[in-house]
Structure formats: structure tokens, C-alpha cells
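Structural overview
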Number of protein chains: 2
Amino acid sequence: MNPTVSKTSRSTVRVVIAEDQGMVLGALAALLEIEGDISVIARARNGKEAVQAVLHHKPDVFITDIEMPEMTGLEAAAEIKRQRCATRVIILTTFARAGYLRRALDAGASGYLLKDMRAEELAEAVRRVHRGLRVVDPELAAEAWSEPDPLTDRERQVLRLAGEGMSSGDIATNLGLSEGTVRNYLSEAISKLGAANRVEAARIARTKGWL
Amino acid sequence: MNPTVSKTSRSTVRVVIAEDQGMVLGALAALLEIEGDISVIARARNGKEAVQAVLHHKPDVFITDIEMPEMTGLEAAAEIKRQRCATRVIILTTFARAGYLRRALDAGASGYLLKDMRAEELAEAVRRVHRGLRVVDPELAAEAWSEPDPLTDRERQVLRLAGEGMSSGDIATNLGLSEGTVRNYLSEAISKLGAANRVEAARIARTKGWL
DNA sequence: AGAATCCGGTGACAAATGTCATCCGCTTGG
DNA sequence: CCAAGCGGATGACATTTGTCACCGGATTCT
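Residues numbered from 1 in each chain as written. Chains lettered and ligands numbered in written order. Predicted model: local features only at pLDDT ≥ 70, side-chain atom pairs only at ≥ 80, totals over all residues. Heavy atoms only, no water.

In this section: the relation of the copies chain B and chain A. Relative to chain A, chain B is turned by 180° and slid 0.0 Å along the rotation axis, the superposed coordinates differing by an RMSD of 0.1 Å. Each copy turns onto its partner about a two-fold axis. Within chain B, the C-alpha atom positioned nearest to the axis of rotation is that of Ala27 of chain B, 2.3 Å from it. (Least-squares fit on C-alpha atoms with pLDDT ≥ 70 in both.)

Around DNA strand C sit 16 residues, and of these Thr181 and Tyr185 of chain A together with Arg183, Asn184 and Arg198 of chain B come closest. Of all DNA strand C atoms lying within 4 Å of any protein atom, the proportion belonging to sugar or phosphate reaches 58%. In this structure, a base oxygen belonging to DNA strand C sits 2.8 Å away from a side-chain N or O atom of Arg183 of chain B. A distance of 2.6 Å separates a phosphate oxygen of DNA strand C from a polar side-chain atom of Arg198 of chain B. Elements that contribute at least two residues to the surface near DNA strand C include exactly α10 (179-192) of chain A together with α10 (179-193) of chain B. Here the surface near DNA strand C gets 5 residues from one element, more than from any other, and that element is α10 of chain A. (Near = heavy atom within 4 Å. Polar contact = N/O pair within 3.5 Å; in protein donor to acceptor, adjacent residues only side chain to side chain. Helix = DSSP H or I, 4+ residues; strand = E, 2+ residues; numbered from the N terminus.)

Moving on, we come to the confidence of the model for chain A. Residues and elements named next belong to chain A. When pLDDT is averaged along chain A, the result is 91; 95% of the residues meet or exceed 70. The low-confidence segment residues 1-9, where pLDDT is below 50, has 0 contacts with residues more than four positions distant or belonging to other chains. Overall fold confidence (pTM) sits at 0.81, and the ipTM for the predicted complex is 0.78. (pLDDT = per-residue confidence, 0-100. Contact = heavy atoms within 4.5 Å.)

Take the packing of helix α2 (residues 22-34) of chain A against helix α2 (residues 22-33) of chain B next. When two helices pack together, their arrangement is given by the angle between the helix axes and the distance between those axes. Orientation of α2 of chain A relative to α2 of chain B, taken along the N-to-C sense of each, is 75°, at an axis distance of 7 Å. Taken together, α2 of chain A and α2 of chain B sit at an angle that is classed as roughly perpendicular. Here α2 of chain A contributes Met23, Val24, Gly26, Ala27, Leu28, Ala30, Leu31 and Ile34 of chain A to the contact with α2 of chain B, which in turn contributes Met23, Val24, Gly26, Ala27, Leu28, Ala30 and Leu31 of chain B. Residues of the contact of α2 of chain A with α2 of chain B, tallied by class, amount to 13 nonpolar, 2 polar and no charged. (Axes fitted to C-alpha atoms, helices over the stretch in contact; angles between N-to-C directions. Parallel < 35°, antiparallel > 145°, perpendicular 65-115°, else oblique. Nonpolar A, V, L, I, M, F, W, Y, C, P; charged D, E, K, R; others polar.)

Most peptide bonds take the trans form, and the phi angle of most residues other than glycine is negative. Within the chain, Arg84 of chain A stands out as a residue other than glycine whose phi angle is a positive 55°. As for its placement among the helices and strands, Arg84 of chain A is situated in the loop between α4 (73-82) and β4 (88-93). In this structure Arg84 of chain A comes out as exposed when scored by relative accessible area, which is 73%. A positive phi angle, close to 45°, is found at Lys58 of chain B, a residue other than glycine. (Buried < 20%, exposed > 50% of the residue type's maximum accessible area, 1.4 Å probe, protein only.)

Put into C-alpha cells, the structure is as follows:
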């Protein structure tokens, strides 16, 4: 509409990327650098580094993986928003899990992309998000809101440990509960998820992103 | 030494890449394209496509992920070697699993890289492999040869299904065995892996790449 | 203050799981 | 030919798991 606005929207978009796999991190940076209007000003290999980099550089857009050491991408996103930083966040992950998406949006993310989308969509998403738009797969969004996480915190903890191969007794010791109580929680979780046993229950919860 | 040899060794290295995650595939291609001496002549999103592309283009180097739909990268590598194709193979994966590395080398791969290595190492590895050298992390290699897979085929099958949450009965029906036999195999696998139960056993086997 | 919940816990019981010793039929190698 | 092995099956047993009904204290709602 007017020259000054045009100047802003035409200038390069400044980006920070966080991703724990070095190869993928470098490759994504290369992919974005090819675009003339996007510039990668910092890279991070875990959530903590990412938060520092973002708070320091105040980029236009922050792209982050979810599963990283030290601090997850979701936690990093939440922290950045809590610090009232204007940077917009794009979550870039392997997992089409409703629970992740929901937590991402709760954490104030503007975009949620899957790594198996076409490579060209990344740069496009960066531009759209920079313009203030949201970028979320509509199908996944629908699923995220239709299926709320049915597990209580205790059920989640217990199920997570059970999925790692711990026995009810081990879990009880680990959480300071009695073994019977652990079995009760497990039983509840199994029935809520429509599973036949603890292993299947853990598998279902994982694929839904309910951990 | 002499102009014609120099011409060959200085010309660009022709590469085919296979990787099921579109973003990562595009990004890796971008990463390699910025190197002046490497050219990505084809991309594939599963093992079958990859084999066709390699047999058709006869590239100098074939870079492939392992876990892909249709056909795994390891199977693709084996198939290519079986067809007596001179293309050298680099496996590029997330997993530092001894079993994977061993199968990769058995399949005739020249390199085994982890995605969490530094991005610059990829181009370097491509050049080394093209020169006829091998590129394998020495530490991982040592582990691969010191720890042979202790599981029999049956134990592996049974353990895989158990890890998905099936009951002994289900597994028995699925494999046409009796339930008791399934429990015997499971018990054997558990003791061989030093686990306390089927879930832990499956976890251990998975992290070792014994599936 | 009383009722309704929530969080943990108990006890009991059926079913599934893990472990062993043993057995059968079939190669395979002396 | 016969012994040794191997894949698979049985039966029996102790342990773990999954389910349920029910108890007690603390919180919350009214």
C-alpha cells in the first residue's frame, strides 16, 4: 500500500533455527539461505541454546524441532512467549501428533510443519508466518481439537515408565506409590485408550502425542 | 599428474539422494548443491524409487536414509550392489546402531554417517567415498564387530510383535506357533538380552539395531 | 456442616507371563 | 546306523498383570 510498509515486507526475514541433528540443521539452513529474502542469523542444537539465541537476536521467525536435549522445542517456544518476545514461532517436527500440535498452539506457535512435507513449503511458511498468518495443516488441526488427551498426570507418568519396560513394582518405587495403586492407574489408562495391555496402551498414547 | 586424470578427479561428483522426509531431502540436496563440486542429479522418497534412479543415472555416489517406506535403505543398497552397479553407497541415518552398521557394510556400503554429525562432514564424506575411501565412525565400527546379534530369527520375530503390544496368544496365531512355544522363545530372548521382561527386551534389541 | 470429589491404598481373583524340564520328529554328520 | 542338534510342543509352577469393589483422608462446592 505505502512505501514504508513495502520496505518492511520486502526486507529479508531474519531467522533462527533449532534442531538437534547437526546434518539436518545445516541442511535446513542451506535450504533457507538459497531464498534471497531469508537469512539464517543463528543456529542452535538444543532448546536452551535456542532460547538464548532468540532472546539475543530477536529474529522475525524462530524455527524449531520438538524433540531435543536439555529443553524441548515446545518448552522453548513457551519460554520465548513468556519473555514477551515478538518473534513468531514455527514448530518443525517428524510427528503428526495431535497432542504436540495442541501444546504447540497453547505455547503460542504460529506454525506447525511436518518434516515430510515438500521442501519448498518451508520458505513459504516462513514468509506467511512473518506476515502474521498461521500455518497449520487443517486436517491435523481438526484432529487436535476433536481428541483431547484423556489421561491424568499420574496415568501419564505411570504409562511412560511402563512403556520403558519397568514392572509395576519398579514404577511404584520410582514414584513413591504402592504397587496396587500403580496397577490401578495402569488399568484406568488401558481402558481409557481401548488397549488390551500396558504395552499397547503406551504405544497408542505415544502416537497421539500424549506420552 | 596428467591432464586427463586431473579432468576426471576435478569434475563434479554426481549424487542421488534418498530420504522419506521431503523437507530433509530438499534440505540435504541444497546443502550439497552449494558445494561447487557436487551435483544432485536425482532424489527419491523411498527405496524402490531410489533403486530405479540409481540404476538409471549411474551416479558416482548414492546417499540413503535407512528407514523408508516400500524398501529400506539397506535393502536398496544391497539390491544396487547385486545389480553390479559401480555406484558407491553412503548410509545416512539417525541411529548409531551396531546392527544397522553391520548390515550396511554387509550390503557393500562405503560410508555410514549419523545425522547428528556436523553438516560439513557430509560433503567431505561424499568426496572421500568418491575417491574410494571408506567413511565409518571408528568407535561405532568397533562396537558393531564386538557385539554380534545373539537372537535367532524366531526370537526376533516374536520379540518384534511382543514389542508392538501383542499378547503371547496373538503372536502364536500370527506366526502359526503354539502359545507355549512363543513364551519359550520370549523367555530365551529375555535371558539372552539380560532383560527383566518382554518390554525391556524389545527396547534393548531395538536400540542395538537387532529389531 | 454436609455432600461430592479426588487421590491413594487394600484385598481378592482371574488371566497373562516367565521359567524349566521334558518330549517328539527331523536333519546332519560321523 | 546312530548320536547329536534343532525347531517346536507340553505341562506344571511361581510371578506379574489387569480388573473391581471398596476404604480413608483431604479438598472443594454449596
